[in-house]
Every structure is written in C-alpha cells, then in structure tokens.
Amino acid sequence: MAKKEKKEPEKPSTAWQGTYGDMITLMLCFFVMLYNPSEVDVTQLATITESLQMNQSESPTGGMSLSSGRLSDLGNTISALPSLEKGKNLGTAFKKAVSLFAPEVKSNKITITSDERGVVISLAADSFFKKGSAELNIEETRDALLHLSEFFNYPEVKDRRFRIEGHTDNTPVSEIIPDALDDDFEDESSVSEDSLTNVKYIQKFNSNWELSSQRAINVLYYLADFGVDEQKFCVAGYADTRPKFDNSTPEGQAYNRRVDIIILDEGHF
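In this report, we go over the structure that sits alongside the text. (Residues numbered from 1 in each chain as written. Predicted model: local features only at pLDDT ≥ 70, side-chain atom pairs only at ≥ 80, totals over all residues. Heavy atoms only, no water.)

1. Some details on the overall build of the protein chain
What counts is decided by this rule: A helix here means a DSSP run of H or I that spans at least four residues, while a strand means a run of E at least two residues long, and both kinds are numbered starting from the N terminus. Throughout this description, buried means an accessible area under 20% of the type-specific maximum (1.4 Å probe, protein chains only), exposed means over 50%, and partly exposed covers the range between. Only heavy atoms enter the contact rule, under which two residues are in contact if any of them lie within 4.5 Å. Per-residue and other accessible areas follow the Shrake-Rupley method at a 1.4 Å probe size, with only the shown protein chains counted as cover for residues.
When helices and strands are counted, the protein chain shows 11 helices and 5 strands. For the protein chain, buried positions account for 35% of its 269 residues. For the protein chain, long-range pairs separated by at least 24 residues make up 72% of all intrachain contacts whose partners lie at least 6 apart in sequence. Looking at the protein chain as shown, the accessible area adds up to about 17,400 Å², and 54% of this sits on carbon and sulfur atoms.

2. Some points on helix H10 (residues 208-225)
Applicable threshold: Under the convention used throughout, the expected extent of a helix is 1.5 Å for every residue step, that is, one less than its residue count.
With 18 residues, H10 extends 26 Å between its outermost C-alpha atoms, agreeing within 8% with the 26 Å of an ideal straight helix rising 1.5 Å per residue. Those residues of H10 lying buried are Asn208, Leu211, Ser212, Arg215, Ala216, Asn218, Val219, Leu220 and Leu223. Where H10 is buried, its residues meet strand S2 (118-124), helix H6 (125-128), helix H7 (138-151), strand S3 (162-167), strand S4 (233-237) and strand S5 (258-264). Downstream of H10 by one or two residues, Gly227 has phi in the positive range, about 115°.

3. Digging into the environment of Gly118
Among the secondary structure elements, Gly118 is positioned in strand S2. C-alpha separation for the pair Gly118 and Ile261, spaced 143 residues apart in sequence, amounts to 9.9 Å.

4. Let's talk about the nonpolar core
Threshold: As used in this record, nonpolar core signifies buried Ala, Val, Leu, Ile, Met, Phe, Trp, Tyr and Cys residues forming a set joined through side-chain atoms within 4.5 Å.
Counting residues in hydrophobic clusters, the biggest one holds 31 residues, and the most contacted among them are Phe152, Leu223 and Ile261. By residue number, the principal contributor to this core is H7, which donates 5 residues. Leaving out residues up to four positions away in the same chain, Ile261 has contacts with Val119, Val120, Ile121, Leu123, Leu148, Phe152, Arg163, Ile164, Val219, Leu223 and Phe233. One finds Ala134, Ile176, Phe205 and Leu211 within the second-largest nonpolar core, a separate group that totals 5 residues.

5. Topic: the sheet that holds S5
Basically, it comes down to this: In this scheme, strands are said to pair when DSSP sees at least two bridges between them. To obtain each axis, a line is fitted to C-alpha atoms, and for helices this fit is confined to the stretch in contact; angles are then taken between N-to-C directions over 0 to 180 degrees.
With respect to topology, 5 strands assemble into an open sheet ordered S1-S2-S5-S3-S4, the strand pairing being mixed. The outermost strands of the open sheet, each flanked by one partner alone, are strand S1 (110-115) and S4. Taken over all neighbouring pairs, the strand axes of this sheet differ in orientation by 20° on average, direction set aside. Where S3 meets S5, 6 bridges bridge the pair, whose relative direction is antiparallel. From the neighbouring strand, Glu165 faces S5, where its bridge partner is Asp260. Across the sheet, H10 touches S2, S3, S4 and S5, and the angle it forms with S4 is around 160°.

6. Overview of the pairing of S5
Summarising burial for S5: 7 of the 7 residues are buried, a large majority. Of the strand pairs in this sheet, S2 and S5 are connected by 7 bridges, and their pairing is antiparallel. Considered in S5, the bridge of Val119 is made with Ile263.

7. Remarks on H7
Selection rule: To get the bend at a residue, fit one axis to the 7 residues ending there and another to the 7 starting there, then take the angle between the axes.
An ideal rise of 1.5 Å per residue puts 20 Å on 14 residues; H7 measures up with 18 Å between its terminal C-alpha atoms. Of all the bends in H7, the greatest, near 30°, is centred on Ala144.

Pasting the structure below:
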C-alpha cells in the first residue's frame, strides 16, 4: 500500500505586514507634520519628562510604574498644562529675551535659560550689586532694569506670574568686606577701630538668607518703579542652598551669586 505523502503546512500569509507598514508610515508622517521645533515649550516638556521618570529603586517588571506621589503630580501637571497658544508665548518670550538682552548676555551680566520652572533670567550679583550689599549699582544697571521692566510688559509675558529669587555663594557674610571699605585699605594692618565700626554699620545682614532675600526685594522695588505690576511678582531668598556651580572655586562662587527672575510656568505658581 502506497504511503501518503505528508503535505507541508501552508505558510501564514504576510499580506497584513504591508497594511501595517502603511499605517505606521502614515502615523509617522502625521506626527512629523504636527511637530514644529520652533513651537516646543521646553519647560512643559521638562515637566512631563520629570513626571514620567521612574525611580531606579522600582522594578520594571510588568511595565513601568510611577513612583509614590508621582501619579497625582502627573494628573495635576496635565490638568495645569497651558493651551497651545500659551505654550507658544513662553517659547516666544524666551526668544525675545535672548534677543533683547543680547548685549548683557555677551558681557555676562545676564544669562537666560529655561527649565521646568519656566524661563529664567539670571542677573549676575557682581554686576548688579556692591560686594556684601543689597543696594543695586543703579548707575551701571539702570538700562538693564529698564529693559527688564519693558520686557515684562510685553504681550507675550504680561499676563504671566513671576518669581524673583536671591542666591549667594557659601561665603559667610561676616567674612565679606563691603566695597565701600575695601577700597580704603589694602591690608588688615591699616584697619582702625573706626573702620571696623563702619564695617559693622554697612554690613547689616546677619546671614546670607537675609542678604539674598533683600537683594530680590530691591530688584522688585526698582522694577515696580519702572512700571511693572508688582502684584504679579513674588520674592524668595535661598542663600547658598541652590548653587548652580561648585562653590570650591572663585569662578563657581561668582556664578552662584545671582538673582533669578523667573517667568513661571503655570504649574509652578
């Protein structure tokens, strides 16, 4: 009796792959058309990225899960996201600030960055304040302060809220000799009792907390005098608790002595 030949099973059809490939290609084209790098709100992107990050201690088994407390934060973040138009305005405000303050940026008096808080305009304390003092060098910084007040009244930012943050380096205020006295003598041997009394008089701050806070307040005072709506501002002093660079070098300390003016993202009021 002849043996029946075993038939090879038919190979599954791959026709679906063509349809699937077409669909993926169309979706890719769709999202590429929606994406416009000039309109990306980097602050919102940073906020969403931070909200979606998983702690290293969490197990990825079964899919990535949000760490404790992040889920509610994510919900609040998404519900607080501004409209597309507001997102565009914040990006436009960043570009306008870079253009408007180009001379100050070139001279290192001002730096402009963007993070999850919003657009950050940093004023170098060494350029805007006297050493160990919260008094502004108004003769040298008037133009910059006027430009700042004009900028905060632009349509792109006038409806937003702002925070002015004072920061110092880690040098105790007790070791800072104000410029007014530093120019009078070059070494400690020439310091008289009257000079020491004047140091104590000029240096009225007990800590960097007070110095950083008063500098932020004084910036707001001048901006208000130049026409900004002070009701849209809040102030904070952080002393040396939030350095941008290492305080172990003079250059790092110089960068850490600053006043940040932040155009707040709506999720960071």
